Amino acid sequence: MIKQELLAPAGDIEAGYAALYYGADAVYLGLPKFSARATATNFDEPALDAFTAYAHHLKRKVYAAVNTVLQEDELPDLIEMLDICTRCKIDGIIIQDLGVARVMREKYPWFERHASTQMAVHNKEGALFLQKMGLKRVVLARELTLAEIKEIAAIPDLETEAFIHGALCYSYSGLCQFSAMEYGRSANRGKCLYPCRACFERDGKEEHLFSMKDMALQDKVQQMPVTSLKIEGRKKTALYVAAVTDYYRQILDGKGADIRREERIKQIFSRPWCKFHFEGKNKDVIDRHFVGHRGLVVGTVEQTGRGWLRFKTSYKIARHDGLQIDIPGMEKPFGFSVQKMQVDKRNVFEAAAGLTVEVELPRQCPPLSKGWTVYLASSSTVKGAYHYEKPKDGLYRNTNEIIVDVKVEKNLITAQSGMYTAQVEGVFEPTDNPQKSQAAIEAAFAKTGNTNFNLSELHIENKENLFTPSSMLNELRRNLYSRIKFEQPVTFLPEIQERIKTAWTPKFTVKVDNLNYLKNINLNNISEIIYLINPQSDISPLKDLPKNKIRLALPAVCRKPQLYADITARLLDGGYKKWEAANVWALAFLPLPQIDFSFDTSLYMLNTQALAQAQEIGASYVTLSLEDTELNICKLIEKSPVKTSLVVYQDVPLFTSAGCIRDNDCRHCTHADQWFNLKRDGRQYKALSRDCQMMVFDDKPYCIAAEAKELQPDYFRADFCYRPYTAEKAANVFNKLLEFNDVSNCIKGNFNHKNI
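Before going into details, it helps to say that this report is about the structure given with it. (Residues numbered from 1 in each chain as written. Predicted model: local features only at pLDDT ≥ 70, side-chain atom pairs only at ≥ 80, totals over all residues. Heavy atoms only, no water.)

### Some thoughts on the environment of Trp585
Rule in force here: In this text, helices come from DSSP runs of H or I with a minimum length of four residues, and strands from runs of E with a minimum of two, each type numbered from the N-terminal end. Only protein chains enter the accessibility calculation, which uses a 1.4 Å probe; a residue whose area is less than 20% of its type maximum is buried, one above 50% is exposed, and one in between is partly exposed. Two residues qualify as a contact provided that any one of their heavy atoms is within 4.5 Å of a heavy atom in the partner residue. Any pair of nitrogen or oxygen atoms within 3.5 Å is treated as a polar contact; in protein, a donor-acceptor pairing is required on top of that, and neighbouring residues in sequence qualify only through side-chain atoms on both sides.
Relative to the helices and strands, Trp585 resides in helix α14 (residues 584-589). Classification of Trp585 as buried rests on a relative accessible area of 0%. Along the backbone, Trp585 and Phe129 are 456 residues apart, and their C-alpha atoms lie at a distance of 6.8 Å. In this structure Trp585 touches His122, Asn123, Glu125, Gly126, Leu554, Pro555, Ala556, Cys558 and Pro561, once residues within four positions along its chain are discounted. A polar atom in the side chain of Trp585 sits 2.9 Å from the backbone oxygen of Pro555.

### Examining the side chain of Glu182
Of note, Glu182 is situated in helix α7 (residues 178-183). Those residues in contact with Glu182 that lie beyond four places of it in its chain are Gln177, Leu654, Arg683, Tyr685, Asp698 and Ile747.

### Concerning unusual backbone geometry
With an omega of 0°, the peptide bond running from Leu592 to Pro593 counts as cis. Among the secondary structure elements, Pro593 is positioned in the loop between α14 and β32 (596-599). The phi dihedral of Lys345 falls on the positive side, at around 65°, and the residue is not glycine. Tracing the chain through its elements places Lys345 in the loop between β19 (341-343) and β20 (346-347). The class for Lys345 is exposed, based on a relative accessible area of 60%. Its identity as a non-glycine residue notwithstanding, Asn745 has a phi of 55°, on the positive side.

### Examining the packing of aromatic side chains
The test is simple: Here a pair means two rings of Phe, Tyr or Trp (six-membered ring of Trp) with centres within 6.5 Å. Their orientation is stacked below 30 degrees between planes, edge-to-face above 60, and tilted elsewhere.
Under the criterion given, the structure shown has 36 aromatic pairs. Relative to Tyr386, the ring of Tyr22 lies with its centre 5.5 Å away and its plane at 70°, an arrangement referred to as edge-to-face. Pair noted here: Tyr22 is in the loop between α1 (13-21) and β2 (26-30) and Tyr386 is in the loop between α10 (380-383) and β24 (400-408), with a separation of 364 residues, a long-range link. Among the aromatic residues, those joined into a ring-pair cluster are Tyr170, Phe178, Phe200, Phe210, Phe655 and Tyr685.

### A few points about the nonpolar core
Keep this limit in mind: Nonpolar cores were defined as sets of buried Ala, Val, Leu, Ile, Met, Phe, Trp, Tyr and Cys residues, with membership established by side-chain atoms within 4.5 Å.
Among the nonpolar cores identified, the biggest contains 196 residues, and Ile93, Phe210, Tyr248, Leu542, Phe599 and Phe720 are the most heavily contacted of them. With 9 residues, the single largest contributor to this core is helix α8 (residues 238-252). Core analysis: the next-biggest nonpolar cluster, separate from the first, contains 24 residues, Phe311, Ala351, Val357 and Cys365 among them.

### Topic: the sheet that holds β20
Defined as follows: A pair of strands counts as paired when DSSP detects no fewer than two bridges linking them.
Spatially, 5 strands are ordered β14-β15-β22-β19-β20 in an open sheet, and the strand pairing comes out antiparallel. Each edge of the open sheet carries a strand with a single partner, namely β14 (303-305) and β20. For strand β15 (residues 308-312) and strand β22 (residues 356-360), the ladder comprises 5 bridges, and the chain directions are antiparallel. Across the sheet, residue Arg310 finds its bridge partner in β22, namely Glu358.

### Things to note about the pairing of β15
For a regular strand, side chains alternate in direction, first toward one face of the sheet and then toward the other. What you see with β15 is a clean split: Leu309 and Phe311 sit on the buried side and Trp308, Arg310 and Lys312 on the side with no burial. Between β14 and β15, which follow one another and run antiparallel, lie 2 residues, and Arg306 among them has a positive phi close to 50°.

### Side note on the sheet that holds β24
For clarity, the cut-off: Convention adopted: a line fitted to C-alpha atoms gives each axis, helices being fitted over their contacting stretch, and angles between N-to-C directions are expressed from 0 to 180 degrees.
Here we have 4 strands laid out as an open sheet, ordered β26-β25-β24-β27, and mixed in their pairing. Where the open sheet ends on each side, the last strands, each with one partner, are β26 (420-425) and β27 (453-461). Across the sheet, the mean angle separating the axes of adjacent strands is 20° when strand polarity is ignored. Relative to β27, β24 runs parallel, the two being bridged by 8 bridges. Pairing of Lys407 across the sheet is with Glu461, part of β27. Helix α11 (residues 434-445) rests against β24, β25 (412-417) and β27 of the sheet, and its axis sits at about 155° to β27. Contacts between helix α12 (residues 470-483) and the sheet are confined to β24, β25, β26 and β27, with β26 contributing the most and set at about 155° to the helix.

### Side note on helix α3 (residues 75-87)
Put simply, the rule reads: In this analysis, the expected span of each helix is defined as 1.5 Å times one less than the number of residues it contains.
Here α3 spans 19 Å end to end across 13 residues, near enough to the 18 Å set by a 1.5 Å rise per residue. Along its buried surface, α3 packs onto α2 (45-57), β3 (61-66), β4 (92-95), α4 (98-107) and α15 (608-617). Backbone geometry just after α3 places Lys89 at a positive phi near 60°.

Take it as geometry only, folks, not as evidence of what the structure does.
Right, here's the structure in full:
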């Protein structure tokens, strides 16, 4: 059995060294640009070079996360980042953008390409398609159950990677548009403002409806059949990385889940733990009442008054340790540092587990009540428990391997490496000790000093066994090594086939999930009807619509593709050959290339390399990203090698999640559609619970019809999906859009922004 890789995060070089010291087989990290954790410290080239050299010395691997979507003007910067990865000998690149995948395939074929969890791979079909594209590894969506993970991991010759510990996003990674559409900070570009952690009002009650607990699979990781076991935490400290890596290293080495190590992690940083959906559907994954770090439970309030708190501690605590207490009505636990502590009325510096302590409270402490939980949120003992070794500065760096040929003749010694040559002249006499002469040559050329290369092979030709003075050999070596240059060739972006454009006239498409919405719309004004289907869709009304205008759409998330097999087969047999894909799973599920297929917005197209990749896959057209800006959209429409569609009206799914906010448990759920009205910061939202999936929408639709009038995509698109419409309302909206008029009370997303 192949040893599983324990993969640890590094937001900076100290966290990286801690990960290696405590047993990580590989480390993943970010670069100055295009990291999905843009606010982490990340690695510049000198730090990256030193770290990868040290990791490779230890026979460990390093992966770089270039896992955001890129706008057109950023493509030259992508080349810069990939060149850095080449010089620093990165082992693999984690990617989200299909344009990055294309650039790497064409210009950087030596790198392993890993599909980021941002690509929302949640079924076998999605993994198979990415394998077909040449990606070596797929990072699975966090939402998967063990059974689903096993199915994907069984794909031959495909590496799989799954998260085992750390923070959880409420939405499927890659399908969250809340931060981007509401605040102009895109999660798909590493700038998420984490609105899922915020408090929302529902039915007059405020709760953190979308704030997830942390994942902690603990000893369940031993059931994982994947290639790589991934710890989340590129924004965490070196201390946290050390503690979590050490904890799982012990488990993987057969030593079990150590309770003391768990307690240390909870003191360093931890929200409440859960196993998410690993063991099946789980409602207990959201921490509705508090956000942020909680700590290790060490007791409950027994008595409080006159500035003192009394409780029996279940763990050793010391002066200057941090305590926290859950206080109903407060968004975060109340925390303070222990400044004065007594046991049996005696002042003490520390108190052992099992003792009743009295701790002085700060003046600003709110009233406390008996029975409230006390947490140890910071421990000086734990802070000193995870020392780690790291190399001296400058000791390790990446070098290139060279081969040197040395030829000794009576009047000349020649040294050559590739195209570089050096010579020294002299009179060289035969020697009685040819072994000593050979050793002198080997010793001289082994001294690479401060050069950026290592001598991998040395070939010596000295047929007459001539003596070679060390001084002349050293001079020869210096001359040769000073001439050797390792210059990376200039890398250009892959070429893109230009598209021949015809005379432009505005064309409109309409996407619906209910065909009744079309009843009052003049179909002569529609070039294409896109129908979002589900396994229970009534497809009989399709017979009354022009078949040549029908395109069938598959959803972005599909946990059970087999449920779509029957309806898809019936539609294909019925002659419906035009389809839309919203996720890579559909590209393996549908019979490509026998059909005409297009890309929906969630297969993010923000640069021409991504558009070219879509064209090469066979897409007839692509729908541009809802997160994008007008400036970038204009560039794509102008330069695209494939036809483009621009959404001008949609109820945008801000969250698409497997985390249910219904109050009932799963066993007693009716599974009928349920809508929730939510409020936050003066904004109103609608949340839909449907078939074990949550979607959250702004109460106002996205509409850019007025601005889009000046653009010339191949198609303008209006969507009437998810939110309920009447045929009259859909027609009224569509008629406004035809005249390039906005609907009232709409949002614009990032369209008018300069950048995202």
